[in-house]
Every structure is written in structure tokens, then in C-alpha cells.
Amino acid sequence: MFSSIIGNETAKDFLRRMIAGGRVPHGLLFAGPEGIGKREFALELARAMMCRSASDGEACGECPICRRIGVFELPTSEKGEDYDRVFLSDHPDVGMAIPFKRNLRVGAIRELEREANFRPYESELRVFIVNDADKMNDSSSNALLKTLEEPPSTTFLILVTSRPDSLLQTIRSRCQTIRFAPVAAGEIEKLLLETHKLSADDAAVAARVCGGSVGRALSLDIAQFRAMRELMMNVIRSAVVTGDLSAMLQTAEQLNDAKNKDRFEENIGILQTLIRDILATSKGAETSQIVNADIAGQISELAKDPNAAALSRWLIEIEELLASLNVNVNRKAATDKLFVSMSA
Ligand SMILES: [Zn+2]
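Fair warning: this is a prediction, and the values are worked out from it, not measured in the lab. (Residues numbered from 1 in each chain as written. Predicted model: local features only at pLDDT ≥ 70, side-chain atom pairs only at ≥ 80, totals over all residues. Heavy atoms only, no water.)

Enquirer: Please clarify how the coordination of the zinc ion should be interpreted in this entry.
Expert: Each angle at a metal carrying four tetrahedral donors should ideally be 109.5 degrees, and each at a metal carrying six octahedral donors should ideally be 90 or 180 degrees. Taken together, Cys51 (SG), Cys60 (SG), Cys63 (SG) and Cys66 (SG) make up the protein donors of the zinc ion, found 2.2 to 2.4 Å from the metal. What the 4 donor atoms of the zinc ion show is an angle range of 103 to 119° at the metal, which sorts the shape as tetrahedral. Spacing between the donor residues of the zinc ion along the chain follows C-x8-C-x2-C-x2-C. Taken as a pair, Cys51 in the loop between helix H2 (38-50) and helix H3 (64-69) and Cys63 in the loop between H2 and H3 lie far apart in primary sequence, 12 residues in all. (Donors = N, O, S within 2.8 Å, 3.2 Å for Na, K, Ca; no water. Tetrahedral: all angles 85-135°; square planar, octahedral: opposite > 155°, others 65-115°. Helix = DSSP H or I, 4+ residues; strand = E, 2+ residues; numbered from the N terminus.)

Written out as C-alpha cells, the structure reads:
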């Protein structure tokens, strides 16, 4: 049931009305930040369309159809060819294509095109979810476009993406876009406390630093996060107070070592929120308005005598660094450059 997913009440109401009124378009684009439950919404839409006890646009959530729709066996293999297919759920009329690394392979989209043309097996319709649709290259996009141009009357496609602007305009124009928003920290905190074994302190921190992403909050390793945040606070202290560039460069090395390199973006993101918090605090923000509220004391210490111009410049440089990661930039060199600039 949609009511079992937290947040995005407006999108829920909209989808319920659309389903109840029998007005679900054949192409849908679910857009919104990473980890806020877009895929769950897509599966829930499939349930609401197929469940035989559905009412007012809500599936029952309990019948075998509803249960089977959520069950997928997805590959963990490192071989690209293993992803050249559509993965059907335990219900054979619901399937999804998923990317391999940074690519949604054309093989997967061609398979989707074939599957989309089959008659439903069990239900009256078929629903296919295209995960991380922004990871399609030109050939994948063109293959998908063919399916979107003339979808069989029984086929519904849901494209899921955190970067809708990266999709071809021709694809976007054939889909109805539904936007999903980050989930409020209070709601995430409540969920963490109800369903997971986090202390109240840890749940409060996780709910705030996850940026509205339930997925991120659930998978966050709190101890690791706290350790990395301490490291990033030291980078800022070095830049602002001690001017210790060699300590900063040591941290740059650490950020790129084998243990941390897979979380590079995330860790730079921690630095980013700390700088934003310092800047906001220096402009009079209350503790409740900052992300790292649990270390508000340390934040306001650094915000006492701020160089607002420098802080804003760092934020721009961090944005540039993050954007450059899409092209194969040398991360260590880019981090050194950022830290040298911050210490200047
Ligand atoms: Zn059901």
C-alpha cells in the first residue's frame, strides 16, 4: 500500500486518483533524489493496478499477487552480459531493467522492448520499471524510445531517475513526470526508531544527515560517519584556525585510499554540509535549522569569526569537484587542489 511508504503524500494522492480513475499513462517518469523510495512507489503502482482486491487506487498489500510483485532475484555478478535482460519478479507481469555499473545496457533495453510486446501472462497488463534511466547511452535511449512511441495497450513503463535532465527530451516528452521530494527528517527519525536498532541519538543524526533519503538513512554506518565527520571538521579547522596544510593533504590521501575511495563523493558531501552549517550559523541560523545539530557547539565555534566569502567560495569549488567526477578526473589531485585552495 502507498500508505506503507513514508513521505511524498502529494504524489501518493495523485497516483491513487490516477489509478482509481483508470488514467495511468503508458509512460511514466518518476523523478527525485536518490534513495527516497521511487522504486517502491513504482512497485506499489504495479500492485495497485494488478491486485484483485484493490480499492480507491490502493492495493491490498496482502494477497499473493501483491506479495509476489515485490520479489526479485537481481544479479550481483561482475559480468556486463548478465545485465542484458529484464528481471521479472515472482509475478511474471512485473519486470525491471537495472544498470551494470554506470550503464543501462542496450541489451537490457532491447529485451525490454521484446517483453513489452508480449501479452500479459497472468494479469491484464504488464509493468516494467527502468531503474536509473539516466544511465542509458544513445543506443539504449533510442531502443527505449521505440517502445515508448507505440506501447502495446497492456504495457506500462515507469522510468526511475534522480537526474531527469540527463534523459533525452524525446523520452521525457513521451512520459508523464511525477516528482518526488526528500522526506522530512522528523518522519525518517520516526521510522528509524520504530523499525531499527539505533539509539535515539544515532537515529536523530542519521535522519538529519541523510538529506531526506530513507535509503541512505537505513544504510548509514553511523560510527563510520562520525569518524569521517571528525576528519572533515579537522580539515576545516586546519583551513580556518591552524593553517596546517600538511594535515589537510594527509586527509586528502586518506579520502582516496583503498578503504575510503568508494565513498569519496559521500565523504566530500559531509564536508559540504559542515561548511553550509557553519555559514548558516554565522548568519544566525538556529541549531534546529542545521544538519549537524548534534555538534552545534563545534559548528558555532567555527562560525564565530567567519570569512563568509571564503566559505561560499569553498562551496562553489566543492560543487565543481563533484561535477568533475563524471569525467575521469584524478580524484586525489582534485582533492589536493581543493584543500590547497581552502588553506589559502
Ligand atoms: Zn493484493
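The rest of the description comes next.
Enquirer: What's the story with helix H5 (residues 138-149) in this structure? I'm lost.
Expert: An α-helical segment advances 3.6 residues per turn. Residues three or four places apart therefore align on the same side. Taking 1.5 Å as the rise per residue, H5 with 12 residues should run 16 Å; its terminal C-alpha atoms sit 16 Å apart, in good agreement. Of the surrounding secondary structure, the elements contacted by the buried residues of H5 are strand E1 (27-31), helix H4 (106-116), strand E4 (126-130), strand E5 (155-161) and helix H6 (169-172). Where H5 begins, one side-chain oxygen reaches toward the backbone nitrogen of Ser139, 3.2 Å away; that side chain belongs to Asn137. (Expected span 1.5 Å × (residues − 1). Contact = heavy atoms within 4.5 Å. Polar contact = N/O pair within 3.5 Å; in protein donor to acceptor, adjacent residues only side chain to side chain.)

Enquirer: Can you help me understand the domain arrangement of the chain in this one?
Expert: Reports of interface size often rely on the accessible area that becomes lost once the parts have come together. One can read the domain layout of the chain as domain 1 (2-179), domain 2 (184-220) and domain 3 (221-343). Computed over C-alpha atoms only, the centres of domain 1 and domain 3 are separated by 37 Å. (Domains from an automatic or database assignment.)

Enquirer: Would you take a moment to explain the packing of aromatic side chains for this structure?
Expert: The geometry of an aromatic ring pair is captured by two quantities: the separation of the ring centres and the angle between the planes. Under the criterion given, the structure shown has 4 aromatic pairs. With 5.0 Å between their ring centres and 55° between their planes, Phe30 and Phe180 make a pair best called tilted. Here Phe30, found in strand E1, pairs with Phe180, found in the loop between strand E6 (176-179) and helix H7 (185-195); they are 150 residues apart in sequence, far enough to count as distant. Here the two residues Phe30 and Phe180 agree in accessibility, since each one is buried. (Phe/Tyr/Trp six-rings, centres within 6.5 Å; stacked < 30°, edge-to-face > 60°. Buried < 20%, exposed > 50% of the residue type's maximum accessible area, 1.4 Å probe, protein only.)

Enquirer: Is there a simple way to explain the nonpolar core in this structure?
Expert: The nonpolar side chains of a soluble globular protein tend to be buried, and buried together. Formed by 52 residues in total, the largest nonpolar core has its most connected members in Leu271, Ile275, Phe339 and Met342. Top element by residues in this core is helix H10 (residues 222-242). It accounts for 9 residues. Two domains each put at least three residues into this core: domain 2 (184-220) and domain 3 (221-343). Residues contacting Met342, with those up to four places away along its chain left out, are Val235, Ala239, Met248, Leu271, Ile275 and Trp314. (Core = buried A, V, L, I, M, F, W, Y, C linked by side-chain atoms within 4.5 Å.)

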